[in-house]
Amino acid sequence: MKTRAVALAALLATVGRPSWWVIALAGFLVRGGVLLFVLATVSLPSPLVVSNIVAPLIVPLALGHLDGPTLSLIALAVGTVAIWLFGGSWLAASTEVALIRDAHQAMADEGLAARPLVPPRRWLSLRVATAHLLAHLPTVAILAVGAVRIVSVAYVELTNPFEVTTPLVLRVIVGAARPIAAILAVWLFDEILGGLAARRIVIDGASVVGGLRGAVGAMIRRPFATLVPAVATALLLAIDLAALLGAVAFTVAQAGARLDDAAIDPPILLLSLLALGASWIGALALTGLVDAWRSAAMTFEVGRSRFEAAAATDPAPDLGGTVGVSPDRRPGDWSTGGRGGSL
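Note on numbering: residues in each chain are counted from 1, in written sequence order. A pLDDT threshold of at least 70 governs which residues receive local features in this predicted model, and a stricter bar of 80 or more applies before side-chain atom pairs are shown or counted, although totals over entire chains, interfaces and linings include all residues. In computing side-chain values, all of the structure's heavy atoms are included and hydrogens and water are not.

Right, let's talk about the overall build of the protein chain for a bit. The helix and strand tally for the protein chain stands at eleven helices and zero strands. Partly exposed residues are those whose accessible area sits between 20% and 50% of the maximum for their type, while under 20% is buried and over 50% is exposed, using a 1.4 Å probe and protein chains only. A burial count over the protein chain gives 35% of its 343 residues as buried. Note on definitions: a residue-residue contact is assigned when non-hydrogen atoms from the two residues lie within 4.5 Å. Within the protein chain, counting contacts between residues at least 6 apart in sequence, those at least 24 apart form 74% of the total. Using the Shrake-Rupley algorithm and a 1.4 Å probe, accessible areas are obtained, with residue cover drawn only from the displayed protein chains. For the protein chain, the exposed area adds up to about 19700 Å²; of that, 73% sits on carbon and sulfur atoms. Numbering of helices and strands runs from the N terminus; a helix is a DSSP stretch of H or I covering at least four residues, while a strand is a stretch of E covering at least two.

This is the structure in C-alpha cells:
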C-alpha cells in the first residue's frame with residue numbers, strides 16, 4: 001500500500017473515532033497549544049505598555065544590580081517554565097502513547113497488515129517524553145542563536161522604528177524572517193523525529209536511544225514515506241489553526257463590541273455570543289481532528305514499514321489479531337510457506 005493510501009486510511013479511522021480528537025486535543029493544548037487560543041482571545045499590549053512592564057526588570061540587570069524581588073521573580077519564572085516543560089511533556093506523552101496504541105490496533109480494522117505490539121514496558125510515557133525532549137535539543141540550539149537577531153530587531157522596532165503603522169509583531173517577523181524560518185524548520189524536523197522515535201518505543205519496545213536511532217535511520221532510508229505524511233499533516237494543522245484562530249479572534253472582537261455598545265440589542269448580542277461559542281467549539285474540534293489524523297498517519301506509516309521489514313525476512317509473518325490468513329494472493333494457490341488460514 002502506498003503512502004497516500006495509508007494517509008487516507010488514517011483519516012478514515014480518525015473521522016470514525018471522535019475519542020481520538022479529544023485525546024489529541026488534550027496533548028496539543030498541554031504542549032503549548034493553549035497559548036495560541038489565549039492569544040486569539042486577548043488584546044496584545046502596546047509597545048509602551050510592554051516597555052513599562054519590562055523596564056523595571058531589565059534596567060537593574062543591565063546595570064549589574066539584582067535585588068531580592070527581581071531574583072525571586074526570575075526564579076519563579078524559571079521554575080514555572082521548567083514545570084510546564086517537563087510536566088507538560090510527560091502529560092502530552094501519555095496522550096501520545098494512548099493514540100499510538102489505539103491507532104496501531106485500528107490498522108487491522110482498516111485492512112492494513114501490522115505485527116502485534118510488544119508488551120508494554122515500565123515508564124513508557126516517561127521514555128516517550130524523554131525522546132521528544134532529546135529530539136528537540138537542536139531546536140534549543142538554533143533558538144539560542146536566532147534569538148539574538150530577533151531580540152535586536154525587536155529592540156530597534158521598540159526604540160527607533162522606521163514606521164509605526166504596521167503592528168509591532170509583524171514588523172519583528174519581517175525583520176527577523178530568516179532566523180524565524182530556520183527555527184520553525186528545525187522545530188518541525190525535530191518534532192517529526194521525536195514522533196517517529198515515540199512510535200518505535202511504543203510499537204517495538206525500543207529504548208530511548210534506540211528509538212531515536214531507528215527514527216533517524218527511517219528518515220534516511222525512506223525519506224518520502226516517512227516525512228511526507230508528517231509534514232503534510234503538520235502544514236495542514238498550521239493552516240487550520242491560522243484560519244480557526246482568526247475566526248475566534250473575529251467573533252471575540254464582535255462580541256466585545258456588542259457588550260461595549262451603550263444601546264445593547266439583545267438579539268444581536270445573543271447571535272454574537274452564539275457565534276463566539278460555535279467558533280470556539282469548532283476550532284477545538286477541528287484542531288483535535290487534524291492533530292489526531294497527524295498522529296494516526298505517522299503510526300500507520302511506521303506500522304506498515306515495520307510489517308514490510310519483517311516480511312522481507314519472513315515470507316509469511318504472523319499478522320496478529322484473532323484471524324491469521326494465508327499470504328498467497330489468489331484462491332487455490334499453494335501455501336509455499338506452509339501456512340494456511342487460522343482462527
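This paragraph deals with the pattern of salt bridges. For salt bridges, the criterion is a side-chain nitrogen of Lys or Arg within 4 Å of an Asp or Glu carboxyl oxygen. On inspection of all chains with the given rule, the structure shows three salt bridges. Put simply, Glu191 and Arg31 hold a salt bridge, and the shortest N to O gap is 2.9 Å. With Glu191 in helix α8 (residues 177-204) and Arg31 in helix α2 (residues 18-39), this pair connects stretches of sequence that are 160 residues apart. With a relative accessible area of 7%, Glu191 lands in the buried category. Taking the shortest distance from any N to any O, the salt bridge between Arg222 and Glu301 comes out at 3.2 Å. You can see Arg222 sitting in the loop between α9 (208-221) and α10 (223-260) and its partner Glu301 sitting in helix α11 (residues 266-313), a full 79 residues away along the chain. We classify Arg222 as partly exposed; its relative accessible area is 27%.

Once that is clear, we can look at a nonpolar patch on the surface. A cluster of nonpolar side chains, namely Val34, Leu35, Val38, Leu39 and Val42, defines an oily patch on the protein surface of about 420 Å² accessible area. By the secondary structure assignment, Val34 is in helix α2. Residues with no salt bridge and a relative accessible area higher than 30% make up the patches, which join like charges within 9 Å and nonpolar side chains (Val, Leu, Ile, Met, Phe, Trp, Tyr) within 5 Å.

All right, on to the packing of α2 against helix α4 (residues 68-109) then. Look at α2 against α4: their axes get within 8 Å of each other, and the N-to-C directions meet at 155 degrees. Comparing the axis directions of α2 and α4 gives the class roughly antiparallel. As for how α2 packs across α4, the hand of that crossing is left-handed. Contacts from Trp20, Ile23, Ala24, Ala26, Gly27, Val30, Arg31 and Gly32 in α2 reach Trp84, Gly88, Leu91, Ala92, Thr95, Leu99, Asp102, Ala103 and Ala106 in α4. To define axes, lines are fitted to C-alpha atoms, for helices over the stretch in contact only, and angles between the resulting N-to-C directions are given on a 0 to 180 degree scale. When describing relative orientation, an angle under 35 degrees is termed roughly parallel and one over 145 degrees roughly antiparallel, while 65 to 115 degrees is termed roughly perpendicular and anything else oblique. A crossing counts as left-handed when the near helix is turned anticlockwise from the far one by less than a right angle, and as right-handed when that turn is clockwise.

Moving on: the nonpolar core. Grouped burial of nonpolar side chains is what soluble globular proteins tend to show. Throughout this description, the term nonpolar core refers to a set of buried Ala, Val, Leu, Ile, Met, Phe, Trp, Tyr and Cys residues connected via side-chain atoms within 4.5 Å. Grouped together as the largest cluster of nonpolar side chains are 25 residues, with contacts concentrated most on Val128, Ile192, Leu193, Leu196, Val202 and Leu212. Among the secondary structure elements, those contributing two or more residues to this core are α4, α5 (124-135), α8, α9, α10 and α11. Here this core takes nine residues from α8, the largest share from any one element. Discounting chain neighbours no more than four positions away, the residues touching Leu193 are Ala135, Leu212, Ala215, Val216 and Met219. Membership of the second largest hydrophobic core comes to 16 residues, among which are Ala10, Ala106, Ala292 and Phe300.

Glancing now at the side chain of Ser89. Mapped onto the elements of the fold, Ser89 is located in helix α4. Residue Ser89 is classed as buried on the basis of its relative accessible area, which comes to 18%.

This part is about the packing of aromatic side chains. Stacked, tilted and edge-to-face are the three classes assigned to paired rings of Phe, Tyr and Trp, where Trp is represented by its six-membered ring and a pair needs centres within 6.5 Å; plane angles under 30 degrees give stacked, over 60 edge-to-face, the rest tilted. Per the counting criterion, the structure on display carries two aromatic pairs. Ring centres of Trp90 and Trp123 lie 6.2 Å apart, and the angle between their planes is 50 degrees; this geometry places the pair in the tilted category. Here the residue Trp90 occupies a position in helix α4, and Trp123 occupies one in the loop between α4 and α5, the gap between them amounting to 33 residues. A residue is classified by how much of its surface remains accessible, and Trp90, at 37% relative accessible area, is partly exposed.

Okay, helix α1 (residues 3-15) next. Over its 13 residues, α1 runs 18 Å from end to end, which matches the ideal 18 Å to within 8%, given 1.5 Å per residue. The complete set of buried residues in α1 reads Thr3, Val6, Ala7, Ala9, Ala10, Ala13 and Thr14. Summarising the axial view, the buried residues of α1 lie within an arc of 160 degrees, below the 170-degree limit, and thus occupy one face. Summarising the geometry of α1, the exposed residues directed more than 90 degrees from the buried face are Arg4 and Leu12. Helix span, as expected, comes to 1.5 Å for every residue beyond the first. To be clear, the arc concerns the directions from the helix axis to the C-beta atoms.

Take the packing of helix α6 (residues 137-159) against α8 next. Here α6 crosses α8 at 170 degrees, and the two axes come no closer than 9 Å. Between α6 and α8, the interaxial angle falls into the category roughly antiparallel. Residues Pro138, Thr139, Ile142, Leu143, Gly146, Arg149 and Ile150 of α6 touch α8, and the partners they reach there are Pro179, Ile180, Ala182, Ile183, Val186, Trp187 and Asp190. Each residue receives one of three labels: charged for Asp, Glu, Lys and Arg, nonpolar for Ala, Val, Leu, Ile, Met, Phe, Trp, Tyr, Cys and Pro, and polar for the others, Gly being one of them. Per-class residue counts for the contact of α6 with α8 are ten nonpolar, two polar and two charged.

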